[in-house]
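This is what each chain is made of:
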Amino acid sequence: MKRIIAWLPDRVDTRLKVIAWVYLVGQVVLVGTGGLVRLTASGLGCPTWPKCTADSLVNTPEMGVHGFIEFGNRVLSALLAVVAIVAFLAILRMRKQRPDLFWLTLIAGLAIPAQAVIGGLSVLSGLNPYVVGLHFVVSIALVAPRPAFVFRVCAVPGPRVRAVPGWFAGVAHLTSFVVAVTILVGILTTGSGPHSGDTKATRNGLNPEILQHVHAIPAYVTFALTLVLVIASLRIRTTPVHRYAMYLLAVEVLQIAVGLIQANTGLPGILVGIHMMLAACLAAAMTAVVMSLMAPVARTDVRAGSAVSGAVAA
């Protein structure tokens, strides 16, 4: 045990950065495999939970490809839980110096069992569209702490202050709110469409054509607000906010393009799946933009906290 404790990092190093990136990519991939389960009608490939069948923890050959896909998604979720535990252990020795990393890994780690339980309830409910939608909401919500963790692992530690004008920060937070609305309406839209996860599963009963138009409204508002952020951030040189705003814009352009194509081609499964993964990327990029609004305090006298440089006091 002492050797294990001694092996744990006492500062941010390459190991922790790799763990942080694996943590982020793994959550986005999990959203993708969850979409694959739905889009291949494999939602009840394992007809019960937490076991795959009443008599088997894993899928059996008789269950075919649907059982393999559903159980594969469960395995990936379990692997991500292991990554969460590793991430938490990796920052234990530095929890006093880096409480931000401690709380990010703790909150994200505790949310994974909740995600698994809701996923199990979706199976036990026969893929009720609202339970399935809640599962997707939690999956997207779990994406946000991952880029925040990556950002703080790679950032200079210590106190941080707002490094952009107040109005810019306000626009960024407004954009994040509209992004959340866009994703939520998108989940309702998917729940009304043809991809239920199983041929016997019901839909939410809402009109998919109307919801497609409703979904487009916050999506285009998000795009307009992001353009404001990109253009305005050209004049802000104290933070990497412009770079992350450009990433956000790129994701939105792809998402809008895929959304328009899938709406005009009968919602092919592969495009719906790409659209779902882009929603996870959208949440990650938006989180990065919000994180970049703050910058480390540059101090010539650490004890006195003097000489704040390149930042606007909040």
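The model shown is predicted, which means the values in this text are computed figures rather than measured ones. Chains are numbered independently. Their residues run from 1 in the order of the written sequence. Confidence filtering applies because this is a predicted model: local features only for residues at pLDDT of at least 70, side-chain atom pairs given and counted only at 80 or more, and all residues used for totals across whole chains, interfaces and linings. Excluded from the side-chain calculation are hydrogens and water; included are all heavy atoms of the structure.

### Re the environment of D10
To keep things clear, this is the line we draw: Secondary structure counts use DSSP, requiring at least four H or I residues in a row for a helix and at least two E residues in a row for a strand, with both numbered from the N terminus. We call two residues contacting when some pair of their heavy atoms lies within 4.5 Å.
Note that D10 resides in the loop between α1 (2–7) and α2 (14–39). Put simply, D10 and T287 are 277 residues apart on the chain and 27 Å apart in space, counted from C-alpha to C-alpha. With sequence-adjacent residues up to four places away left out, D10 is seen in contact with R93 and M94.

### A look at the nonpolar core
Our working rule: Residue types Ala, Val, Leu, Ile, Met, Phe, Trp, Tyr and Cys, when buried and joined through side-chain atoms within 4.5 Å, form a set referred to as a nonpolar core. We call a residue buried when its accessible area falls under 20% of the maximum for its residue type, exposed when it is over 50%, and partly exposed in between, using a 1.4 Å probe and counting protein chains only.
The biggest cluster of nonpolar side chains holds 66 residues, and the ones touching the most others in it are L16, Y23, F149 and F168. It is helix α10 (residues 269–291) that provides the largest number of residues to this core, a total of 14 residues. When neighbours within four sequence positions are excluded, L16 is seen to be in contact with A90, I91, M94, L101, F149 and V153.

### Considering the state of the cysteines
Covalently bonding the sulfur atom of one cysteine to the sulfur atom of another cysteine gives a disulfide. Worth spelling out the cut-off: The criterion for a disulfide is a pair of cysteine sulfur atoms lying within 2.5 Å.
A complete count under the given rule lists 1 disulfide for this structure. With a sulfur-sulfur separation of 2.0 Å, C46 is cross-linked through a disulfide to C52. Because the torsion about its S-S bond is -75°, the bridge between C46 and C52 counts as left-handed. Under the relative-accessibility criterion, C52 is labelled buried at 0%. Note on C281: no disulfide assigned, nearest cysteine sulfur contributed by C154 at a separation of 18 Å. Overall, the relative accessible area of 29% leaves C281 in the partly exposed class.

### Concerning the packing of aromatic side chains
Short version of the rule: In this analysis, rings of Phe, Tyr and Trp, with Trp reduced to its six-membered ring, are considered paired at centre separations within 6.5 Å, and the interplanar angle assigns stacked below 30 degrees, edge-to-face beyond 60, and tilted for intermediate values.
Throughout the structure, instances matching the rule amount to 6 aromatic pairs. Seen in terms of ring centroids, Y244 and Y247 are 5.9 Å apart; in terms of plane orientation they differ by 75°. Their pairing is edge-to-face. Placement of the pair is Y244 and Y247 together in helix α9 (residues 241–264), with a separation of 3 residues, close to one helical turn. Under the relative-accessibility criterion, Y244 is labelled buried at 17%. Following the ring pairs from residue to residue traces out a cluster consisting of F88, F102 and W103.

### Details of the environment of Y244
Separated by 43 residues in the primary sequence, Y244 and T287 place their C-alpha atoms 9.2 Å from one another. Residues within four places of Y244 in sequence aside, it is in contact with F151, A288, V289 and S292.

### Details of helix α5 (residues 129–143)
Stated precisely, the cut-off is as follows: Each residue after the first adds 1.5 Å to the expected span of a helix. Polar contacts, as counted here, are pairs of nitrogen or oxygen atoms within 3.5 Å of one another; within protein the pair requires one atom able to donate a hydrogen and one able to accept it, and residues that are adjacent in sequence qualify only if both atoms are side-chain atoms.
Given a rise of 1.5 Å per residue, 15 residues ought to cover 21 Å, and the 21 Å separating the end C-alpha atoms of α5 matches this to within 8%. Listed in full, the buried residues belonging to α5 are P129, V132, G133, F136, V138, S139, I140, L142 and V143. For α5, the secondary structure elements touched by its buried residues are α2, α4 (99–124), α6 (145–154), α7 (166–192) and α10. Between the side-chain oxygen of the N-cap and the backbone nitrogen of Y130 there are 2.9 Å, and the N-cap of α5 in question is N128.

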